[in-house]
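Structural characterization, general
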Amino acid sequence: MQFIFATHNANIPVLGDSEMLVACRYVPDNEIKIEIGSIDCQNIQEKIIRIMEGGQEAFDIRKKIYKIWEDGKR
């Protein structure tokens with residue numbers, strides 16, 4: 001199933017473990033630059049942290065979740 005969201009809330013793509021994100025940037029003279037990547041792509045992560053509300057906090061929560069999962073596997 002596929003969902004498409006437009007949001008400024010970093011929790012949706014980060015904690016939702018999105019497979020594809022599209023970052024858009026307006027360039028003067030009516031041009032829109034896009035960059036596409038997964039949540040694991042460093043360039044996309046940097047854009048999420050810089051542009052979206054609560055970006056770094058969402059990644060910190062994601063790390064905690066993965067740590068809990070790792071501890072539970074032992």
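Scoring rules and cut-offs
Residues numbered from 1 in each chain as written. Predicted model: local features only at pLDDT ≥ 70, side-chain atom pairs only at ≥ 80, totals over all residues. Heavy atoms only, no water. Pairing = 2+ DSSP bridges. Helix = DSSP H or I, 4+ residues; strand = E, 2+ residues; numbered from the N terminus. Buried < 20%, exposed > 50% of the residue type's maximum accessible area, 1.4 Å probe, protein only. Contact = heavy atoms within 4.5 Å. Patch = residues over 30% accessible without salt bridge, like charges linked within 9 Å, V, L, I, M, F, W, Y side chains within 5 Å. Areas by Shrake-Rupley, 256 points an atom, 1.4 Å probe, with all protein chains shown as cover. Salt bridge = Lys/Arg side-chain N within 4 Å of Asp/Glu carboxyl O.

**Some thoughts on the pairing of strand E2 (residues 31–37)**
Of the pairings in the sheet, the one linking strand E1 (residues 21–27) to E2 comprises 7 bridges and is antiparallel in character. Each residue of the ladder has a partner; that of Val-27, found in E2, is Glu-31. Joining the antiparallel neighbours E1 and E2 is a turn of 3 residues, in which Asp-29 adopts a positive phi near 80°.

**What to know about unusual backbone geometry**
Backbone geometry at Asp-29 places phi at a positive 80°, although glycine is not the residue there. Take Asp-29: it is sitting in the loop between E1 and E2. We note that Asn-30 has phi near 65°; this positive angle belongs to a residue other than glycine. Its place among the elements puts Asn-30 in the loop between E1 and E2.

**Some remarks on the environment of Ile-32**
In this fold, Ile-32 is placed in strand E2. Classification of Ile-32 by relative accessible area gives exposed; the value is 59%. Measuring from C-alpha to C-alpha, the distance between Ile-32 and Leu-15 comes to 27 Å, with 17 residues separating the pair along the chain. The contacts of Ile-32, once residues within four sequence positions are left out, are Cys-24, Arg-25 and Tyr-26.

**A short note on a nonpolar patch on the surface**
There is a patch of nonpolar side chains on the surface, built from Met-20, Val-22, Tyr-26, Ile-32, Ile-34 and Ile-36 and spanning about 660 Å² of accessible area. Elements represented by at least two residues in the nonpolar patch include exactly E1 and E2. Looking at the nonpolar patch element by element, the count peaks at 3 residues for E2. Structurally, the position occupied by Tyr-26 is in strand E1. Among the residues examined, Tyr-26 registers a relative accessible area of 52% and is labelled exposed.

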